[in-house]
Amino acid sequence: MADGNQGGGGPAQAPAGDFLTKLSEAYPYGDEPPRLTVAINDMAAGAPDGTVFGDDGVRPVRHVLPDDAMKRPETIGDVLAWIDQRIRVFPMDQVWLTQVGPMMNWCADPKEEQWAQAVTEILFGATYGGPGSSYNMGTKKGVARFPASENWETYIFSRIQRRYRSTLARESKRHKVTFGHYNIGSWRIPDPIEDSLGTASPTGGASSPPDGSAPPEASLLAEDEEAPVVGPMKDDRLLEDPMGPRWKEQKNDDPAVPIVVACQHLATYGALTRGFRVEHLDSAGYAAQFATGSLAIFSGRPATPSDEPPPQGGRWYTLHSAAADKASAGPAAGASSPPVAYEDLLKIERARQLSPPLTPGTIFVFDPDAGAQKVTLYLSRYEDEYIREKILMKHFAARKTPGEQEVESPYSQKDRVAPDYQRELELTKPKEDPKLLEDLRYFEKGRETANADITRAKIQAKLKEDLATWESQKALALDTKTSAVVIDLKKQLDGSHIHYVLRVHKDKPLVQLMDTGNGANFWAKIDKESPGRGALVEFMQAGIVDGSAQNKVGPGQMLGFCGMGVTPPPPEDLGEMAAFIKKARPIGLFRLVLTMRPSKAAMTPSDVLYVSRLARMYGSSPEQNYTVAQMLWGIRNTPGFTNLQPWVIFFIPRGVLARSMWAHGGREMTLGTFMSEVAPRYKAEFGGPASLKLHKNYLPAVAITNSGRQLVDCPINFST
């Protein structure tokens, strides 16, 4: 399936002089940093026999399959073989070749570049959302969350560390609560690990046997096996009844990473992949809040007394002297650091002159309340009960100086009278739910009378309830009198944001960010570019990609900027970390779908030619990790890309399935073994006989496809 100028599935052999000139001059990228988003689509790729090329003789522009060949099994087989060869034979290292010029321009430390490439590859294309809620691995009544931040995200974060801790499940001394619920014993038994560290000694301080010998599990280790570290400890003794779970720490030889992250999780991975531990982030990870500046990674002090001190040398740069008292460069720093002008942080040229300076891994935090603990506003009852957060955003938008906590706005005035909201409310009068109407049309079209009747009843019941709430709001809004409302600002507000630095230019005042908002402009451009290239299609929210060069930092609401955090020097060798995180399993599922490429009309079920079985995003060996980036590279220039469209649809596993996949050692578990060995024990979740159901056991996350024409291709509709 190869053209004379191109190897089937492999990188094209472009004219050597032209190709090398482009690399050496970093053309056409200028001062842009290395970008995986660009590399995947700009790297010359193989093309099938019969491809029409552009004027340069290299760029494929058209490959059409005859209508009578579209549905032949051998055609489907050719496309599948093409994709399989590209993802198995040609590693991502080759994809980065077009970025050698930008690497030469930007890179001062080869290990920093290895890290930047690795962390981009594992998180590229991740959909936007919270890993804890998306994987939905369950809660348990009576569980004590200790520390207060401990949850499934703490466990998920730990799975990318070279050493990680498992909290151990045990009842408190009075049997009122259970500690250590948020971990997984094994994929076969995806339940919390029981605390089996032994009983307390007669002195009451340790859990070793009374004769002082090692805990019972140490005797079960092989001679060459490393005994796990256990804790928390005090005076070199394991605490019998700490105010929280006990834990064991061990080597991680099966790293894993989510396919769904929000801005705070993405930034947290910017620290964890550099060798820091979730304990250095107070077991919670970063937050898009002012309080992030007090985390151990910046303060230099352990989050809990029983923890070892975190790496030293980090600093939280704040705009407030009060907060600066907590943000020194470590216990030995002496006097607190003075407040910094926001221009010194947001303008890269100035931020590089600080001590310590901006470096890869540095975070920027934007919090509308800028760290204020409470605020008193004068609100009507309607404003307080229904639009309080909207009012808060308007109040803080009146801030005149970035980082200022005390803000004056019309809402802080004691004699304020609330406006008339009647006209605004009239515009929001509830209507029949559009999603339910869509379901109704589907049932009516399929002549499913019973389901249609049930859906009509749901539509009317919901509309009645919504109208009653609306009428109540209108009545409440008639009262324009206001009174003082003291608002506790513990909750993260809309408009909060955090991102981190992926690369710093070795000479120029430029940085590249890894940010959840990077994708919009890039994918809009790709949709209009050359056929055969890859693009992400939005389902939950468009996938995350690496950013372009910037000489200043900040989202639109820069007045909410509250600080910059420079992390300490990496505690692990970045080259080793890069190799380690490339072995991380993406915890997700996928289906490969082939369809007719529609011209303008919406896709219909008759356009679907092939749907693969549900598969894991990884294979049996540590090198077999089918990331979104790897799969996007795999579907470049597929046979018939002009009229046959490939899709890879990625899904987020949920519940028990997610727990088994996240478990250490879960790589060996196939979906078949899960359904035969694990699912039957959880009939409430999988039914009998056990089966996997879309939207219950797994959710659509993001899809990728390639372009076959100059217009945007039609997305798949998951409701049909």
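Residues numbered from 1 in each chain as written. Predicted model: local features only at pLDDT ≥ 70, side-chain atom pairs only at ≥ 80, totals over all residues. Heavy atoms only, no water.

## Description of the overall build of the chain
If you tally the helices and strands in the chain, you get 24 helices and 27 strands. In the chain, once contacts between residues fewer than 6 apart in sequence are set aside, the share between residues at least 24 apart is 78%. On the chain, roughly 32,500 Å² of surface is accessible, and the fraction owed to carbon and sulfur atoms is 53%. (Helix = DSSP H or I, 4+ residues; strand = E, 2+ residues; numbered from the N terminus. Contact = heavy atoms within 4.5 Å. Areas by Shrake-Rupley, 256 points an atom, 1.4 Å probe, with all protein chains shown as cover.)

## Observations regarding the nonpolar core
In this structure, Tyr135, Tyr286, Ile363, Tyr500, Phe650 and Trp662 are the most contacted members of the largest nonpolar core, which totals 114 residues. Examining the composition of this core, we find that 7 residues originate from one element, strand S26 (residues 644–653), more than from any other. Setting aside chain neighbours within four positions, we find Tyr135 in contact with Ile156, Pro258, Ile259, Val260, Ile587, Ile652, Pro653, Arg654, Gly655, Ala658 and Trp662. Counting 20 residues, the second-largest nonpolar core is a separate cluster that includes Leu379, Ile391, Leu425 and Ala477. (Core = buried A, V, L, I, M, F, W, Y, C linked by side-chain atoms within 4.5 Å. Buried < 20%, exposed > 50% of the residue type's maximum accessible area, 1.4 Å probe, protein only.)

## Points about the pairing of strand S17 (residues 497–504)
Within a regular strand, side chains alternate between the sheet's two faces. Of all 8 residues in S17, 8 are buried; the element is thus mostly enclosed. Pairing of strand S14 (residues 363–366) with S17 involves 4 bridges; the strand directions are antiparallel. Looking across to S17, one finds that Ile363 is bridged to Tyr500. Hairpin geometry of S17 and strand S18 (residues 511–515) is characterised by an intervening segment of 6 residues between the two adjacent antiparallel strands. (Pairing = 2+ DSSP bridges.)

## Thoughts on the sheet that holds S18
The antiparallel open sheet is built from 6 strands, whose spatial order is S13-S21-S14-S17-S18-S20. At either margin of the open sheet sits one strand with a lone partner, and together these are strand S13 (315–318) and strand S20 (545–550). Neighbour-to-neighbour, the strand axes of this sheet turn through a mean angle of 25°, independent of strand direction. Sheet topology places S17 next to S18; 4 bridges connect them, and they run antiparallel. Along S18, the bridge assignment pairs Val504 with Val511. Sitting on the sheet, helix H6 (residues 110–123) touches S17, S18 and S20, and the angle it makes with S17 is about 135°. Together, S14, S17 and S18 form the strand contacts of helix H9 (residues 263–272), whose direction differs from that of S17 by roughly 35°. (Axes fitted to C-alpha atoms, helices over the stretch in contact; angles between N-to-C directions.)

## A few points about the pattern of salt bridges
For the structure on display, the rule yields 31 salt bridges. For the salt bridge of Arg72 with Asp68, the shortest nitrogen-to-oxygen distance reads 3.5 Å. Among the residues examined, Arg72 registers a relative accessible area of 35% and is labelled partly exposed. Overall, Asp68 belongs to the exposed group, its relative accessible area being 56%. Residue Lys582 pairs with Asp93 through a salt bridge whose shortest N-O separation is 3.1 Å. (Salt bridge = Lys/Arg side-chain N within 4 Å of Asp/Glu carboxyl O.)

## Description of empty space enclosed by the protein
Enumeration according to the criterion identifies 3 cavities of 30 Å³ or more in this entry. Size it by volume and the largest cavity reaches roughly 70 Å³. What lines the largest cavity is simply Arg165, Arg277, Glu279, His280, Ala296, Pro302, Ala303, Asp307, Glu308 and Pro310. Among the residues forming the lining of the largest cavity, the class breakdown is 4 nonpolar, 1 polar and 5 charged. Approximately 50 Å³ is the volume found for the second largest cavity. (1 Å grid on protein atoms, 1.4 Å probe; cavity = no way out; pocket = protein on both sides within 12 Å on 5 of 7 lines; lining within 4 Å. Points joined across faces, edges and corners; volume = space filled by probe spheres on them. Nonpolar A, V, L, I, M, F, W, Y, C, P; charged D, E, K, R; others polar.)

## Details of the packing of aromatic side chains
Taken as a whole and judged by the stated rule, the model has 14 aromatic pairs. With centroids separated by 6.1 Å and ring planes inclined at 15°, the aromatic side chains of Tyr286 and Phe298 adopt a geometry described as stacked. Note that Tyr286 is positioned in the loop between H9 and helix H10 (296–299) and Phe298 in helix H10, a separation of 12 residues in sequence. Residue Tyr286 is classed as buried on the basis of its relative accessible area, which comes to 4%. Plain terms: the ring middles of Phe366 and Phe561 are 5.3 Å apart, the flat faces sit at 50° to each other, and that makes the pair tilted. Of this pair, Phe366 sits in strand S14 while Phe561 sits in strand S21 (residues 561–566), and the two are 195 residues apart along the sequence. Grouping residues by exposure puts Phe366 and Phe561 together as buried. What links up through ring pairs into an aromatic cluster is the set Trp152, Tyr155 and Tyr182. The ring of Trp633 carries the charged tip of Arg86 above its face, separated from the ring centre by 4.1 Å. When the ring centre of Tyr164 is taken as reference, the NZ or CZ atom of Arg159 above it lies at 6.0 Å. (Phe/Tyr/Trp six-rings, centres within 6.5 Å; stacked < 30°, edge-to-face > 60°. Lys NZ or Arg CZ within 6 Å of the ring centre and 35° of its normal.)

## Here we look at the sheet that holds strand S4 (residues 163–167)
Judged by pairing direction, the sheet is antiparallel, and its 3 strands sit side by side in the order S4-S10-S7 without closing on themselves. With partners counted over all chains shown, the strands left at the sheet margins are S4 and strand S7 (229–231), one partner each. Taking each pair of neighbouring strands and ignoring which way they run, the sheet shows an average axis angle of 25°. Note: S4 against strand S10 (residues 247–251), 5 bridges, orientation antiparallel. The residue bridging Arg163 from the neighbouring strand is Lys251, located in S10.

## What about helix H17 (residues 434–445)?
Two residues of an α-helix separated by three or four positions point the same way, owing to the 3.6 residues in each turn. Here H17 is 12 residues long and its end C-alpha atoms lie 16 Å apart, about the 16 Å a rise of 1.5 Å per residue gives. Residues Leu436, Leu440 and Phe443 constitute the buried set of H17. Projected down its long axis, H17 shows its buried positions confined to an angular sector of 65°, all on one face. Exposed side of H17, more than 90 degrees from the buried face: Pro434, Arg441 and Lys445 are the residues found there. Considering only its buried residues, H17 is in contact with helix H18 (449–477). Its side-chain oxygen at 2.9 Å from the backbone nitrogen of Lys435, Asp433 defines the N-terminal cap of H17. Directly after H17, the chain includes Arg447, whose backbone phi takes a positive value near 55°. (Expected span 1.5 Å × (residues − 1). Arc of directions from axis to C-beta. Polar contact = N/O pair within 3.5 Å; in protein donor to acceptor, adjacent residues only side chain to side chain.)

## A few points about the side chain of Glu113
Assignment of secondary structure puts Glu113 in helix H6. A relative accessible area of 7% means that Glu113 is categorised as buried. Among all residues touching Glu113, those that are not within four sequence positions of it are Pro34, Met103, Cys107 and Arg503.

## Considerations on the side chain of Gln289
Within the element layout of this structure, Gln289 appears in the loop between H9 and H10. Ignoring anything within four residues of it in the chain, the contact list for Gln289 reads Val365, Asp367, Lys490, Lys491 and Gln492.

## Some words on the packing of helix H22 (residues 655–662) against helix H23 (residues 671–678)
Two numbers describe how H22 lies on H23: the axes approach to 12 Å, and their chain directions differ by 120°. As summarised for this structure, H22 and H23 are arranged oblique, according to the angle between their axes. Judged by the sense of rotation from one axis to the other, the crossing of H22 with H23 is right-handed. The residues of H23 that touch H22, namely those facing Val656, Leu657 and Ser660, are Leu671, Phe674 and Val678. Taken together, the residues that form the contact of H22 with H23 break down as 5 nonpolar, 1 polar and no charged. (Parallel < 35°, antiparallel > 145°, perpendicular 65-115°, else oblique. Left-handed = near helix turned anticlockwise from the far one by under 90°.)

## Thoughts on helix H3 (residues 73–89)
A rise of 1.5 Å per residue sets the reference length of H3, with its 17 residues, at 24 Å; its end C-alpha atoms lie 24 Å apart and thus fit the reference within 8%. Taken together, the buried positions of H3 are Thr75, Ile76, Val79, Trp82, Ile83, Arg86 and Ile87. The arc that holds every buried residue of H3, seen down its axis, measures 125°, which confines them to one face. Turned more than 90 degrees away from the buried face of H3, the exposed residues are Pro73 and Val89.

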